[in-house]
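As a plain string of letters, each chain reads:
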Amino acid sequence: AALKTYQFDIQVKNVSRLCHAKPIVTVNGRFPGPTVYVREGDRVQINVTNHAQYNVSIHWHGLKQYRNGWADGPAYITQCPIQTGSSYVYDFNVTGQRGTLWWHAHILWLRATVYGAIVILPQQGTPFPFPKPEREEVILLGEWWHADVEKLVNKANQLGSPPNKSDAHTINGKPGPLFPCSEKHTFVMEVEQGKTYLLRIINSALNDELFFGIAGHSMTVVEVDAVYTKSFTTQALLIAPGQTTNVLVHANQIPGRYFMAARPFMDVQLPVDNNTATGILEYKGIPNTVLPTLPHLPKSNDSAFAFRYNKRLRSLNSPQFPTNVPLQVDRNLFYTIGLARNSCPACLNGTRLMASLNNISFTMPETALLQAHYFNVKGVFKTDFPDQPPKPFNYTGAPLTANLKTTIGTRLSKIAFNSTVELVLQDTNLLSVESHPFHLHGYNFFVVGTGIGNFDPGKDAPKYNLIDPPERNTVGVPTGGWTAIRFRADNPGVWFLHCHLEIHTGWGLKTAFVVEDGPGADQGILPPPKDLPKC
Ligand code: C2O
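Residues numbered from 1 in each chain as written. Predicted model: local features only at pLDDT ≥ 70, side-chain atom pairs only at ≥ 80, totals over all residues.

Thoughts on the overall build of the protein
The line we're drawing: Strands here are runs of E lasting at least two residues and helices are runs of H or I lasting at least four, both read from the DSSP assignment and numbered beginning at the N terminus. Radius of gyration here is computed from C-alpha atoms only, and the compact-globule reference equals 2.2 Å multiplied by the residue count raised to the power 0.38. Exposure criterion: with C-beta atoms placed from backbone coordinates, a residue whose C-beta has 20 or more other C-beta atoms within 10 Å is buried, one with 12 or fewer is exposed, and one in between is partly exposed. Each residue gets a C-beta atom placed from its backbone, and two residues are in contact if those atoms lie within 7 Å.
When its secondary structure is counted, the protein shows 5 helices and 32 strands. For 535 residues, the compact-globule formula gives about 24 Å, and the C-alpha radius of gyration of the protein, at 22 Å, lands near that figure. For the protein, the spread of C-alpha atoms along the principal axes amounts to about 65 × 55 × 50 Å. For the protein, buried positions account for 50% of its 535 residues. For the protein, the share of sequence-separated contacts (at least 6 apart) that also reach a separation of at least 24 residues comes to 78%.

Here it is, written out as structure tokens:
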């Protein structure tokens, strides 16, 4: 184990894309930001200094931060933001995890440009459970707007109006040659025939699940969300915002130039596909005048592909990397996902879009919840979040008004230390054309089941996969369907649970778990660092 230190300077820089230059917030003037390379077992200290006129905080997405929510990063959940002119050191251990994760700003929509990869190499002497690749490459998928993203989010949050769609998707910050003025802004990966490469693919887009593929080449999935999987081969993969997927690509085609492409999965047929990001897989020695070919990706509304793809994901579950899914459950939670124009007083008389869990739309506090919890400050949040929706109804049937009486509040759920939790997330039919990728901070969880329609415990629970379910930190809840996850609440703290479509988070599709301290001296939240930002 070693100590790895990084300096992150938050600074504004002019960047030009799609024929326009605009100032964006960056880390160290780079877009996307620097990759954090560490090894399993390392201690990491990242000093973030804010030189920009925006408050910031950084989240290390997927790192468990055992007993150490102080380093988790979501603004007003675990910390107050780092203000202009101040610094904060994120100090954490990388224990029991290896693979691809990522970091991003966790305040408003700043993560549109403030994001980068985290690569955790396995411990020395512990090889990958798959053939050693010739080289590895980080592939960050993202979105680009002409407009100032912070202005867009304010408009979206105040009016509850859908945001402008982004103007391009990007691969490593570059839209690729199908967009104007983007010849230079094209990600090119050089390969040699006969060799195998590891791609660490991250969806850092704000609001779109994406299909990704490479013309003429299949991909072998070996890991999701920094957990090894049973390997399987596919022409296209589906990746939701927040998720990561490692694939092996064998350069076994006629030497040439092949497009890699990313475009949205939406559950609706997009009129024209003018938003596809492309990069190029280029065999060594091929002149760059040779035109590449495009991959065949599923149609934007191919939910059957999405469903099949997700069903193929299985944890490795080997003696070395076992799958410890809880077999018995101490606490059953059932949360409905609602998204509608509401008639509540806070909803501008039904003109504002609100998003809710169990009819509760989450309001951000003005001070950080973790501090309020640790120092026992009263009046910041309540722990009365209901385990079930107020009244069961036909969640995915004919339109009902049962879910329209949304209330607002900073309401959390208290979870006993080390208890086993099952959470079923149920989509409702109120207004949804997209699946919701839910992310839980502080934990990995096991995706034991998913289905279309209303969750039926008597019928669906017996069909759970309790052998090798995928273990991850972000999972899609299908449109008009449900997803069941399980985890053991062994990490004390306040842990954010939210939809990773940033537009929905802003509308209130979020809550948090307060996991209580355990009885042991080493089972409680660690004391806060001295430089923890103040509100
Ligand atoms: Cu990747 Cu709460 O976020």
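Observations regarding the nonpolar core
Taken as a class, soluble globular proteins show a tendency for nonpolar side chains to be buried jointly. For clarity, the cut-off: Only buried residues count toward a nonpolar core: Ala, Val, Leu, Ile, Met, Phe, Trp, Tyr and Cys, linked into one set through C-beta atoms within 7 Å.
In terms of nonpolar packing, the biggest core is built from 144 residues, with Leu110, Leu141, Val247, Ile485, Trp495 and Ala512 touching the most fellow members. Ranked by residue count, the leading element in this core is strand S18 (residues 257-265), at 6 residues. In this view, Ile485 contacts Leu423, Phe445, Phe446, Val447, Val448 and Val475; residues no more than four positions away in its chain are not counted.

A short note on the sheet that holds strand S16 (residues 236-239)
Condition: One requirement defines pairing of two strands: DSSP has to find at least two bridges between them. Lines fitted to C-alpha atoms define the axes, with helix axes restricted to the stretch in contact, and inter-axis angles between N-to-C directions lie between 0 and 180 degrees.
As summarised here, the arrangement of the 5 strands in space is S11-S19-S18-S13-S16, forming an open sheet in which the pairing is mixed. Every interior strand has two partners, whereas the edge strands, strand S11 (188-191) and S16, have only one. Here the strands of the sheet are splayed against their neighbours by 20° on average, with no regard to which way each runs. Bridging between S18 and strand S19 (residues 277-283) involves 6 bridges; their strand directions are antiparallel. Residue pairing across strands places Tyr258 opposite Leu281, the latter belonging to S19.

A word on the domain arrangement of the protein
Worth spelling out the cut-off: Domain start and end points were adopted from an automatic or database domain assignment.
Under the domain assignment used here, the protein contains domain 1 (3-121), domain 2 (135-312) and domain 3 (331-515). Of the residues lining the interface, 24 residues belong to domain 2; the matching set on domain 3 comes to 25 residues. Elements with a contribution of two residues or more to the side of domain 2 that touches domain 3: helix H1 (149-159), strand S15 (227-234) and helix H2 (303-312). Among the elements that take part in the side of domain 2 that touches domain 3, H1 stands out by supplying 4 residues, more than any other.

Some details on the environment of Phe321
Mapped onto the elements, Phe321 comes out in the loop between H2 and strand S20 (331-341). When the C-alpha positions of Phe321 and Gly493 are compared, they lie 26 Å apart, and in sequence the two are 172 residues distant. Filtering out sequence-adjacent residues up to four positions away, Phe321 remains in contact with Pro129, Tyr228 and Leu316.

Notes on the sheet that holds strand S9 (residues 135-144)
Across the sheet, which stays open at both edges, the 6 strands sit in the order S10-S9-S12-S17-S14-S15 with mixed pairing between neighbours. Strand pairing shows two members of the sheet lacking a second neighbour, strand S10 (168-171) and S15, which therefore form its edges. Here the average twist between neighbouring strands, direction ignored, is 25°. Pairing between strand S14 (residues 219-224) and S15: 5 bridges, direction antiparallel. Each residue of the ladder has a partner; that of Val221, found in S15, is Phe232.

What to know about the pairing of strand S27 (residues 445-452)
Among the 8 residues in S27, 6 count as buried, and that is most of the element. Pairing geometry for S27 and strand S28 (residues 471-472), over 2 bridges, is antiparallel. Each bridged residue has a counterpart across the sheet, and for Phe445 the counterpart in S28 is Arg472.

Some words on unusual backbone geometry
Geometrically, the link from Phe31 to Pro32 is a cis peptide bond, its omega value of -10° lying close to zero. Positive phi values are uncommon outside glycine, yet Leu108 reaches one of about 45°. Along the chain, the position of Leu108 falls in the loop between strand S7 (99-105) and strand S8 (115-121). For Leu108, a count of 21 C-beta atoms within 10 Å corresponds to the buried category.

Description of the pairing of strand S31 (residues 493-499)
It is a general feature of regular strands that their side chains alternate between the two faces of the sheet. Burial of S31 is extensive: 7 of the 7 residues sit out of reach of the surface. Neither face of S31 is open: one carries Gly493, Trp495, Leu497 and Cys499, the other Val494, Phe496 and His498, and all of them are buried. When strand S26 (residues 436-440) meets S31, the two strands line up antiparallel, connected through 3 bridges. Paired with His439 across the two strands is His498, which belongs to S31. Direction of pairing for S31 relative to strand S32 (residues 510-515): antiparallel, over a ladder of 6 bridges.

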